Amino acid sequence: MLQAEGVTKSFGGLVAVNDVSFSVDDEEIVGLIGPNGAGKTTLFNTITGVHPPNQGTITLDGTELTGRKPFEIAQQGVVRTFQTARTFNESTVLENVTVGAVFGDGQDPDAAEETARECLSFVGLEDQADAEVSGLNLADRKLLELARGLATDPNFMLVDEIGSGLTPAELQTLTDTLERTCHDRGISVFWIEHIMDAIMGATDRIIVLDQGQKIADGPPEEVRNDERVTEAYLGGGDE
Ligand SMILES: Nc1ncnc2c1ncn2[C@@H]1O[C@H](COP(=O)(O)OP(=O)(O)OP(=O)(O)O)[C@@H](O)[C@H]1O
């Protein structure tokens, strides 16, 4: 279980994350939403060690993550996927995922390739193993990003706006893959997404931030009908 207590992160005078406490249980898939500038990315950065909190604590299965370096946090099994897939375009799909297993999980090359093939199969990209990454469409790049994360053998996955730019069918495939990641592989998923229908349909619980503060935390249908959440989005304007 990931547990955050009273996490605060300021940039100069701006309090981007303000006294936020929450938990993500084992094998739980939790959405993180909120208007632009609410503090979602900053909260992710406090977990991964990119921007350590000024106050508060973050633990994973009782191990203190607060104040540790990003690579140490990654070694604890916390992996993050990015909005824009950070892949090596000149290499093949299989090589990209193998790198995840070698550097993320310390596997030797043969074991890493076997892990990579299994992860590609899990996300449905096994037929593309030998394709160059530069030839993949956007949806497949996002699945590749997930496979790379899975190859590091994580127990906690942070997913950052992976749904943008996809067709409804592609989004459904991605959402199903995230749900299977959580429920079949036992990996907790903490997922920032702006596409409401996707996140409402796929998550066990949703946490809502507004202006750095947590304003709701509950099942999707409860959050959808929460007055504070509606107000935050109306006030936020463009979402
Ligand atoms: N490195 C930084 N230096 C200064 N201010 C920052 C930094 N990172 C974020 N902020 C500020 O912190 C606030 C929260 O930003 P953050 O990116 O976490 O919001 P968000 O909810 O992820 O927004 P979006 O949905 O637009 O990505 C914003 O006011 C932003 O300008």
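Computed from a prediction, not measured in an experiment: that's the story for all the values here.

Trainee: Got a minute to help me understand the overall build of the protein chain in this structure?
Mentor: Assigned secondary structure in the protein chain consists of nine helices and 10 strands. For a compact globule of 239 residues, the expected C-alpha radius of gyration is about 18 Å, and the protein chain comes in at 18 Å, within 12% of that figure. A separation of at least 24 residues holds for 65% of the contacts in the protein chain among residues at least 6 apart in sequence. Of the roughly 10800 Å² that the protein chain leaves accessible, carbon and sulfur atoms contribute 46%. Across the protein chain, the 16 positively charged side chains and the 42 negatively charged ones have centroids separated by 6 Å.

Trainee: How should I be thinking about the domain arrangement of the protein chain in this particular structure?
Mentor: Accessible area lost during the coming together of the parts is what is often quoted as the interface size. Taken domain by domain, the protein chain holds domain 1 (2-77 + 154-236) and domain 2 (86-142). Taking the mean C-alpha position of each, domain 1 and domain 2 sit 25 Å from one another. For the domain 1 and domain 2 pair, buried surface summed over both sides reaches about 780 Å², with 57% attributable to carbon and sulfur atoms. Taken together, domain 1 and domain 2 are joined by one salt bridge.

Trainee: Just checking my understanding: could you explain the layout of surface pockets for this structure?
Mentor: A probe matching the size of a water molecule, rolled over the atoms, marks out where space remains unfilled. Roughly 150 Å³ of internal volume is contained in the second largest pocket. In terms of lining, the second largest pocket is formed by 14 residues, of which the most central are Asn36, Gly37, Ala38, Gly39 and Lys40. Breaking the lining of the second largest pocket down by element, the ones donating at least two residues are strand S2 (14-24) and helix H1 (40-48). The dominant element in the lining of the second largest pocket, judged by the number of residues it contributes, is H1, at three residues.

Trainee: Before we go on, may I ask you to explain the packing of aromatic side chains in this structure?
Mentor: Any aromatic ring pair is given by two values, namely how distant the centres are and how the planes are angled relative to each other. What the rule picks out here adds up to three aromatic pairs. Chaining the aromatic ring pairs together yields one cluster made of Phe22, Phe44, Phe156 and Phe190. Positioned above the aromatic ring of Phe122 is the side chain of Arg180, whose terminal nitrogen or guanidinium carbon lies 4.3 Å from the ring centre. The ring of Phe122 carries Arg185 above its face, with NZ or CZ at 4.5 Å from the centroid.

Trainee: Whenever I open this one, the site of the ligand confuses me. Can you help?
Mentor: Close contacts around the ligand come from 13 residues, with Asn36, Gly37, Lys40, Thr41 and Thr42 the closest. Between the ligand and Gly39, the relevant distance is 2.9 Å, taken from an oxygen atom to a main-chain nitrogen or oxygen of the residue. Thr41 is positioned with one of its side-chain polar atoms (N or O) 2.8 Å from an oxygen atom of the ligand. Contact with the protein chains hides 61% of the accessible area of the ligand, taken as 630 Å² for the molecule alone. Taken together, the elements giving at least two residues each to the shell around the ligand come down to S2 and H1.

Trainee: So what exactly am I meant to see when it comes to the sheet that holds strand S5 (residues 63-64) here?
Mentor: Two orientations exist for strands paired in a sheet by backbone hydrogen bonds: parallel and antiparallel. Pairing within the open sheet is antiparallel, and its four strands lie in the order S2-S1-S4-S5. Each end of this open sheet is capped by a strand with a single partner; those strands are S2 and S5. Inspection of the sheet shows strand S4 (residues 55-60) paired to S5 by two bridges, in the antiparallel sense. Bridge pairing in S5 places Thr59 opposite Glu64.

What counts and how
Residues numbered from 1 in each chain as written. Predicted model: local features only at pLDDT ≥ 70, side-chain atom pairs only at ≥ 80, totals over all residues. Heavy atoms only, no water. Helix = DSSP H or I, 4+ residues; strand = E, 2+ residues; numbered from the N terminus. Rg over C-alpha atoms; globule rule 2.2 N^0.38 Å. Contact = heavy atoms within 4.5 Å. Areas by Shrake-Rupley, 256 points an atom, 1.4 Å probe, with all protein chains shown as cover. Lys, Arg positive; Asp, Glu negative; His and termini not counted. Charge placed at Lys NZ, Arg CZ, Asp CG, Glu CD. Domains from an automatic or database assignment. Buried area = accessible area lost by both parts, 1.4 Å probe. Salt bridge = Lys/Arg side-chain N within 4 Å of Asp/Glu carboxyl O. 1 Å grid on protein atoms, 1.4 Å probe; cavity = no way out; pocket = protein on both sides within 12 Å on 5 of 7 lines; lining within 4 Å. Points joined across faces, edges and corners; volume = space filled by probe spheres on them. Phe/Tyr/Trp six-rings, centres within 6.5 Å; stacked < 30°, edge-to-face > 60°. Lys NZ or Arg CZ within 6 Å of the ring centre and 35° of its normal. Near = heavy atom within 4 Å. Polar contact = N/O pair within 3.5 Å; in protein donor to acceptor, adjacent residues only side chain to side chain. Pairing = 2+ DSSP bridges.

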